[in-house]
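Summary of the model geometry
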Amino acid sequence: MKILIATEKPFAKTAIDGIKKIIENAGYELCLLEKYTAETQLLSAVADADALIVRSDKVTKNVIDAAKNLKIVVRAGAGFDNLDLTACTEKNIVAMNTPGQNSNAVAELVLGLMVFMNRNKFNAGTGTELKGKRLGIHAYGNVGRLVARIAKGFEMEVWAFDPFVSKETIQADGVTAVDNIEDLYTNCNYVSLHIPANEKTKKSINYKLLSLMPKGGCLINTARKEVIDEDELTKLLDERIDMKYVTDVAPSNISELLQKFDTRVFATPKKIGAETAEANVNAGLAAANQIVNFFKNGDKTFQVNK
Ligand code: 3PG
């Protein structure tokens, strides 16, 4: 049985060592394709793989068609918008993610980015504090929950909106649950995005919504660039000279934004949210264990193409 790890952005060595152990203990062979630059490399590497582990790598219909022996693909991470689920289902390939495994890394980055923006991108000058400010969490999943917990340590007031999580669950964490998204944006100084990218959410963060934010508002996006309407965000930043945007998933027009709004916009040079040794180990090992469990016991927990 051949298990392929294909990662444009490789796992930390400790994660690879751990994955190797799990795969070899199960009697399988581990193959690595790291830092590849063209889909053709992935197409040939996947040709005889029985299982595939990826990160944000695009598993397109092309890849699925080239993978003649593939039975399972695991996205080591949360968002699976990089997997063509229809193509997987058509070929009876099980697609999974590893929810929660890299959430803490992303949550810590959110607060780090907020402090960074509040302190003038770590330049001289008078900044502001998070204490006493209101943070709105847009989607209360694994990352959103952790952001809430850490923000409370900063003595922030935390609000959240999530139509898929009960108000009781949110309130039990000492977080104010709001009924509609407009309430969140109208009332929060900071809004942190934790929604997935799908047909419903793409471009859903638009001018109308962002205009609701109070003076000095700051939007934090560690989710996906696709959820933002980029033209409308630019228009908003043009009109609202008080608004800030900080992101780990840079929009395509980031250089234009940085040129125009240098002090109010920041983007990490590459997506680093889940880029910690701990998150790599957690997500990588979970992916390997899920594959072994699938082959040995038929376990399909975390399947996303049901
Ligand atoms: C996720 O969905 O888990 C995060 O966006 C992390 O993505 P990455 O594995 O490409 O860093």
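1. Points about the domain arrangement of the chain
- Examined at the domain level, the chain breaks down into domain 1 (2–101 + 275–297) and domain 2 (103–267).
- Computed from C-alpha coordinates alone, the two centres of domain 1 and domain 2 are separated by 31 Å.
- At the interface, eight residues of domain 1 touch five residues of domain 2.
- For the pair domain 1 and domain 2, the summed buried surface comes to about 460 Å²; carbon and sulfur atoms form 43% of the total.
- The largest share of the area that domain 1 buries against domain 2 comes from D81, G100 and T276, three residues that together contribute 66% of it.
- Across the domain 1-domain 2 interface, the total number found is one salt bridge.
- A salt bridge links R224 to D81; the shortest N-O distance between them is 3.1 Å.
- Here domain 1 and domain 2 share two residue pairs in polar contact (both at pLDDT 80 or more) between them.
- Grouping the constituent residues of the side of domain 1 that touches domain 2 by class yields two nonpolar, four polar and two charged.

What counts as what
- Residues numbered from 1 in each chain as written.
- Predicted model: local features only at pLDDT ≥ 70, side-chain atom pairs only at ≥ 80, totals over all residues.
- Heavy atoms only, no water.
- Domains from an automatic or database assignment.
- Contact = heavy atoms within 4.5 Å.
- Buried area = accessible area lost by both parts, 1.4 Å probe.
- Salt bridge = Lys/Arg side-chain N within 4 Å of Asp/Glu carboxyl O.
- Polar contact = N/O pair within 3.5 Å; in protein donor to acceptor, adjacent residues only side chain to side chain.
- Nonpolar A, V, L, I, M, F, W, Y, C, P; charged D, E, K, R; others polar.

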